[in-house]
Amino acid sequence: MEATFLQILWFILVTVLFIGFFFLEGFDYGVGMLTPFIGKNDRERRVLINTIGPHWDGNEVWLLTAGGASFAAFPHFYATLFSGFYVALVLMLLALISRAVVFEYRSKNDDLKWRKTWDWVFFIASFVIALLWGVAVGNLMKGVELTPDPNFNGAPYVYHHGGLFSLLSPFTILSGLVFVFLFAMHGANFIALKTEGEILERTKKTAWNIWIVALVLTVIFVVWAFAGLDTFPNSASIISYIAAAIAALALIFTGLYIKKDDFKKAFWAGGLTIIFATIMVFAGLFPYLIPASNGLENSITVTNASSSEYTLTVMSIVAVLLVPLVLFYQIWSYKVFKGRIKVDDELEY
Amino acid sequence: MVYAGLIMLLVGFLALFKGFVEKKWFLKLAFWTLFLPFIATSFGWIMAEVGRQPFIVYGLLKVKDAASPNIQPSDVWFSLLSMGILYAILIVVEVGLMIKYANKIPEESNVQPEVA
């Protein structure tokens, strides 16, 4: 069955929301993962947390909209994904909740042991979320075993019956690590724009080391994805190849800019890497949303997972009206909190 | 739940009047209304969630028809227990923090801390 215009449109919009999420929360999780390494004492770690303090909540909203749009536009995809990956999602949820609490509670007590504990929660939670997202995306690319629901006849009610460990395989673990290191690199570039003095010097060295690891892992990941997976890429493969090429180029430029100490350009180049890597993944997935590793005919596709045309039409109208407003205030908040944070500034978080 | 809401509204409304706010008994009563929001929201939710059983969409879809067939009981236990434990830890932490801040004496006041 051919995908309708609205179905293709919402596939693209869900991709855009995931791009927004990975670009914005990417550096958030990166900062979280780097805090125990770049921050050598309590004060420095507090500065690092404050670089994303005013932004993290708005960034996380993109996750909610990506999930929400998936739910509204492609409910069967949402159902199969969230019920199939249940335990992994609960772990992610626990990490997300813990991370949110860290921002608010960490500095409310002067006890150093209290603060150190929360700093480790921050690191572990950020790492777990980045890793799990990589594993989830890797599984979407690789395909999972889907069987039709016995209570309904045939597609689209298909479910994944494996547990948490069925989601872990060499490719998906690599995918998880790629996300971890790309986010860490993105986070390092962000820290380099928002701090000064000793923290900044340490960040510059760290950024270069992370970039090297990210480069190696990403190259292996992309080559493996295109050459080694039968479920990837699919109908829109040309877009996927082009996006992969642009992402690779952007990643190389990120390294060049890091070496040249130009972190403004490095941040945007790293951001473009993440953006085009996401486009590569989603374009390679289309028209499948969850390919089935036990025979592609069992897959969740854009057509068998979508809502009615009426629903998609209403969603499109609402999106056109409200998303520009969201973009406006989010960009505004970045402009307001533009400056660098000095170590002896008065800190909110 | 409804009584809790009405009491809160009444106390809030009366607090607008100086005749009440100056009386000590009123202030003590107002303190106890601090717990009403928690009671009200809890009872409200319990009523909604228990009252709609066995439907998940009232009148249209039963809970047993909406449940995911591939979720194992062990998965659900895991999520229930882990979330429960996390929230239990957070509540202890949060109340601890609130007590710590509630006991702080403002710098400008000349209140002497009570000898324990």
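Owing to the predicted nature of the structure, the values given are computational and were not obtained by experimental measurement.

Honestly, the overall build of chain A in this entry has me stumped. Any pointers?
Counting its regular elements, chain A contains 12 helices and four strands. Taking all 349 residues of chain A together, 47% fall into the buried category. Long-range pairs, those at least 24 residues apart, make up 80% of the contacts in chain A between residues at least 6 apart in sequence.

Would you explain helix α6 (residues 112–142) of chain A in this entry?
Every α-helix winds through 3.6 residues per turn, so residues three or four apart in the chain are directed the same way. Here α6(A) contains 31 residues, and its C-alpha end-to-end distance of 45 Å stays within 8% of the 45 Å for a straight helix at 1.5 Å per residue. Where α6(A) terminates, the next one or two residues include A:Gly143, which has phi positive at roughly 90°.

What exactly am I supposed to notice about the interface of chain A and chain B here?
For an interface, size is often stated in terms of accessible area lost upon the parts coming together. Residue-level contacts link 15 residues of chain A with 12 residues of chain B. Contributing elements (two or more residues each) for the side of chain A that touches chain B: α4 (75–84), α5 (86–105) and β2 (158–160) of chain A. Broken down by element, the residue count for the side of chain A that touches chain B peaks at seven residues, all from α5(A). Looking at the side of chain A that touches chain B residue by residue, the class counts come to eight nonpolar, five polar and two charged.

Help me understand the packing of helix α1 (residues 5–38) of chain A against helix α8 (residues 198–228) of chain A in this model?
Any two packed helices are characterised by how steeply their axes cross, that is the angle between the axes, and by the distance between the axes. Residue and element names in this part refer to chain A. Where α1 meets α8, the closest approach of the two axes is 11 Å, and the angle between their N-to-C directions is 115°. Accordingly, the angle class assigned to the pair α1 and α8 is roughly perpendicular. With respect to the hand of their crossing, α1 and α8 are arranged in right-handed fashion. Every residue of α8 that contacts α1 at Leu34, Phe37 and Ile38 is listed here: Ile199, Arg202, Thr203 and Thr206. Here the contact of α1 with α8 is built from residues that sort into four nonpolar, two polar and one charged.

Is there a simple way to think about the environment of B:Leu80 in this case?
Tracing the backbone through its elements, the reader meets B:Leu80 in helix α6 (residues 73–103). Sequence separation of B:Leu80 and B:Val2 is 78 residues, and the distance between their C-alpha atoms is 29 Å.

Help me out: how do you make sense of the packing of α5(A) against α6(B) in this one?
In the contact formed by α5(A) and α6(B), the axes pass within 10 Å of each other and the chain directions differ by 5°. Here α5(A) is positioned roughly parallel relative to α6(B), judged by the angle of their axes. Listed contacts from α6(B) to A:Tyr86, A:Val87, A:Val90, A:Leu94, A:Ile97, A:Val101 and A:Tyr105 of α5(A) are B:Asp75, B:Phe78, B:Ser79, B:Ser82, B:Leu86, B:Leu90, B:Val93 and B:Leu97. Residues that form the contact of α5(A) with α6(B) fall into these classes: 12 nonpolar, two polar and one charged.

Please explain the domain arrangement of chain B as it appears in this structure.
Structurally, chain B comprises domain 1 (1–67) and domain 2 (68–109). For domain 1 of chain B and domain 2 of chain B, the distance between their C-alpha centres works out to 21 Å.

What counts, and at which threshold
- Residue positions are counted from 1 within each chain, in the order its sequence is given.
- A letter from A marks each chain and a number from 1 marks each ligand, given out in the order of writing.
- Residues qualify for local features only when their pLDDT is at least 70, as the model is predicted, and side-chain atom pairs are given and counted only at 80 or more; totals for whole chains, interfaces and linings, by contrast, use all residues.
- Here a strand is any run of E in DSSP of at least two residues, a helix any run of H or I of at least four, and the numbering for each starts at the N terminus.
- Each residue is classed by its C-beta neighbour count within 10 Å, where at least 20 other C-beta atoms makes it buried, 12 or fewer makes it exposed, and intermediate counts make it partly exposed; the C-beta atoms are placed from backbone geometry.
- Placing a C-beta atom from the backbone of each residue, one calls two residues in contact when those atoms lie within 7 Å.
- Multiplying 1.5 Å by the residue count of a helix minus one yields the expected span of that helix.
- Charged residues are taken to be Asp, Glu, Lys and Arg, nonpolar residues to be Ala, Val, Leu, Ile, Met, Phe, Trp, Tyr, Cys and Pro, and polar residues to be all remaining types, Gly included.
- Interaxial angles span 0 to 180 degrees and are taken between N-to-C directions of axes, which are lines fitted to C-alpha atoms, for helices over the stretch in contact.
- Any angle between 65 and 115 degrees counts as roughly perpendicular, while under 35 counts as roughly parallel, over 145 as roughly antiparallel, and the rest as oblique.
- Each crossing is labelled by how the near helix is turned from the far one, with a counterclockwise turn of less than a right angle marking it left-handed and a clockwise turn marking it right-handed.
- Each domain's extent was defined by an automatic or database domain assignment.

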